[in-house]
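Commentary on secondary and tertiary structure
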Amino acid sequence: MRTLTWLRRELLSRPYVADTALAVCVYAMTLLAPGAPPPPGAEWHDPMRPLTSYDIALAAVVCGALVFRRRWPHAVLAVTLTGFTAHAMLDSGRSALDLASAVAMYTLASRCPRRHAWIYGGLAALVVAVARVVFGDSAWLAPEMLAPIAAIGMATAVGDSLRSRRAYVAAIEERARRAEETREEEAERRVMEERLHIARELHDVLAHHIALINVQAQVASFMLASEPEQARTALGHVREAGKEALDELRTTVGLLRRPGSRDELLTEPSPGLDRLPELVESFTAAGLRLGWLLYGDPRPLPAPVDLAAFRIVQEALTNVSKHAPRATATVRIEYAADKVTVNVTDDGQGGAGGISPGSGHGLIGMRERALSVDGAFLAGPVDGGGFRVHAVLPTSRENRR
């Protein structure tokens, strides 16, 4: 079995060697095949007609053409049919060269479309039949006419089936290649999504607390000499903010280390709008003048929507505290039947007014949060100074599709 496999591989890697061997075999069979029986009244009765130099030369040309059957299949078929016809003129219509024509027809059928293959096969069978009838003593419906026509037809059928099999295998390989590329692209896309998701989650978890720590540390540094009691209070806020940041970071990292779904990662470490009073209190303790309003009927929201709304408010207030620490901010939450609207505005006092374009990943993160639940997001400066963050988050499953 290994020897046959090695031989097949070697022959496939050297097509001209295989075709030369095939041509030699067909040439030998042509020379050894019996010729036509002698006509009535002939002086010799040897069933083998003596070979002439013309027979040998013509067979050499016809069989030699088979060496190039893969490169020029149409020309080789034409040469073999012409040689068969020329030989039939001298041998009363009978010749073993129809084997070469069958090999050439097989090669052509394996390399051209099915419709063309059967057209060429029909023409080749017609040439063989006409040569038998015109130059021999065979009738159109004689039994001996079936053998060469059947050989051409069988060669065409085998070549066409080989072509179909090659096309089928190529299609499967192409499909497998595309599936592999699709899997790799999908894997890369999922990796990028997870990287963005982790980056956004860590940013949202840490940015709020670090901003509060920064503000309170500045207050403590300013008040340390003149009002140590207030400085001690500010340092207490720094300690609490640091503890909360470490707790949320530990929870997030723990979820990243533990197998789970995206929803688990989204909901477990992150709060919702029910913790909005705590969020407002933390910023108020840091010195930000802040008010918040609720409209409509507050109700439990889908976990992704609740998380997105809370994170948008948190990030917007964090940016207000960084860019306009002496501004007055207002948080407005509006509950509707199929959506919740988040508005965070500030008057721009004491800074650039909330979020400045290109000032980091805040705007990008908030927009991604809104789009992740099929919502809409808008942020920009307002007339008269200040900055406004506006997000509309659908709450019904139908609206989020």
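The name given to the chain in an unreviewed UniProt entry is histidine kinase, and the organism recorded there is Nonomuraea angiospora. You can read under Catalytic activity (unreviewed entry) in the UniProt record for the chain the words "ATP + protein L-histidine = ADP + protein N-phospho-L-histidine."

**As for the packing of helix α4 (residues 73-90) against helix α5 (residues 98-109)**
Here α4 crosses α5 at 160°, and the two axes come no closer than 9 Å. With respect to their mutual orientation, α4 and α5 come out roughly antiparallel. Viewed along their axes, α4 and α5 form a crossing whose handedness is left-handed. Two secondary-structure elements touch here, α4 through Pro73, His74, Val76, Leu77, Thr80, Leu81 and Phe84 and α5 through Asp98, Ala100, Ser101, Ala104, Met105, Thr107 and Leu108. Residue composition of the contact of α4 with α5, grouped by class: nine nonpolar, four polar and one charged.

**Overview of the pattern of salt bridges**
Scanning the entire structure with this criterion turns up 10 salt bridges. The salt bridge involving glutamate 180 is made with arginine 183; its shortest N-O contact spans 2.5 Å. On the criterion of helical spacing, the pair formed by glutamate 180 and arginine 183 is a turn pair, its members being three residues apart in helix α7 (residues 146-223). Classification of glutamate 180 as partly exposed rests on a relative accessible area of 35%.

**Describing helix α6 (residues 114-135)**
Between the first and last C-alpha of α6 there are 31 Å, a value that for 22 residues agrees with the 32 Å anticipated at 1.5 Å per step. Looking at α6, one finds that the buried residues are Ala117, Gly121, Ala124, Ala125, Val128, Ala129, Ala131, Arg132 and Val133.

**Things to note about the nonpolar core**
Soluble, globular proteins show a tendency: their nonpolar side chains are buried together. Counting 39 residues, the largest nonpolar core has Val313, Leu317, Ile333 and Leu393 as the members making the most contacts within it. Ranked by the residues each element gives to this core, the list is headed by helix α11 (residues 303-323), at nine residues. In this view, isoleucine 333 contacts Leu273, Leu276, Leu293, Leu294, Tyr295, Val313, Val340, Thr341 and Val342; residues no more than four positions away in its chain are not counted. Core analysis: the next-biggest nonpolar cluster, separate from the first, contains 30 residues, Ala88, Ala109, Ala124 and Val128 among them.

**A few points about the confidence of the model for the chain**
Summary statistics for the chain give a mean pLDDT of 77 and a share of 77% for residues scoring 70 or more. Across the chain, strand β5 (residues 387-394) holds the top mean pLDDT of 93, while helix α9 (residues 262-267) sits lowest at 46. Counting contacts from residues 261-269, a segment whose pLDDT is below 50, to residues more than four positions away or on other chains yields 24 contacts. With pLDDT under 50 throughout, residues 352-359 is counted as low confidence; its partners more than four residues away or in other chains account for 22 contacts.

**Focus on the sheet that holds strand β3 (residues 339-346)**
In spatial order, the strands read β1-β2-β3-β5-β4; together these five strands make up an open sheet with mixed pairing. Of all the strands in the sheet, the pair left with one neighbour each is β1 (289-295) and β4 (376-381). On average, adjacent strands in this sheet sit at an angle of 10° to one another, irrespective of strand direction. One ladder, built from seven bridges, connects strand β2 (residues 328-335) with β3; its direction is antiparallel. Note that in β3 the partner of alanine 329 across the bridge is aspartate 346. Packed onto the sheet, helix α10 (residues 276-285) meets β1 and β2 and runs at close to 165° relative to β1.

**A short note on unusual backbone geometry**
Phi is mostly negative for residues that are not glycine, and the peptide bonds are mostly trans. Of note in this structure, aspartate 374 is not a glycine but carries a positive phi near 60°. Looking at the element boundaries, aspartate 374 is found in the loop between α12 (362-372) and β4.

**Here's the deal with the pairing of β4**
Two faces belong to every sheet, and in a regular strand the side chains alternate between them. Relative to β5, β4 is paired through six bridges, and the arrangement is antiparallel. Bridged to alanine 379 within β5 is valine 389. Remark: five residues form the turn of the hairpin made by β4 and β5, two consecutive strands paired antiparallel; glycine 384 in that turn has positive phi of roughly 90°.

**Quick look at a nonpolar patch on the surface**
The grouping of Tyr54, Met89, Leu90, Ile119, Tyr120, Leu123, Leu126, Val130, Val134 and Phe135 at the surface amounts to a nonpolar patch, some 890 Å² of accessible area in total. Where the nonpolar patch is concerned, the elements lending two or more residues are α4 and α6. Here the nonpolar patch gets seven residues from one element, more than from any other, and that element is α6. Mapping tyrosine 120 onto the fold places it in helix α6.

**Here we look at α12**
Regarding α12, the residues found buried are Gly362, Leu363, Gly365, Met366, Arg369 and Ala370. End-on, the buried residues of α12 take up no more than an arc of 165°, which puts them together on one face. Among the residues trailing α12, aspartate 374 stands out with phi positive, at a value near 60°.

Reading the values: the criteria
- Residues numbered from 1 in each chain as written.
- Predicted model: local features only at pLDDT ≥ 70, side-chain atom pairs only at ≥ 80, totals over all residues.
- Heavy atoms only, no water.
- UniProt positions renumbered as here; feature names shortened; annotations may be inferred.
- Axes fitted to C-alpha atoms, helices over the stretch in contact; angles between N-to-C directions.
- Helix = DSSP H or I, 4+ residues; strand = E, 2+ residues; numbered from the N terminus.
- Parallel < 35°, antiparallel > 145°, perpendicular 65-115°, else oblique.
- Left-handed = near helix turned anticlockwise from the far one by under 90°.
- Contact = heavy atoms within 4.5 Å.
- Nonpolar A, V, L, I, M, F, W, Y, C, P; charged D, E, K, R; others polar.
- Salt bridge = Lys/Arg side-chain N within 4 Å of Asp/Glu carboxyl O.
- Buried < 20%, exposed > 50% of the residue type's maximum accessible area, 1.4 Å probe, protein only.
- Expected span 1.5 Å × (residues − 1).
- Core = buried A, V, L, I, M, F, W, Y, C linked by side-chain atoms within 4.5 Å.
- pLDDT = per-residue confidence, 0-100.
- Pairing = 2+ DSSP bridges.
- Patch = residues over 30% accessible without salt bridge, like charges linked within 9 Å, V, L, I, M, F, W, Y side chains within 5 Å.
- Areas by Shrake-Rupley, 256 points an atom, 1.4 Å probe, with all protein chains shown as cover.
- Arc of directions from axis to C-beta.

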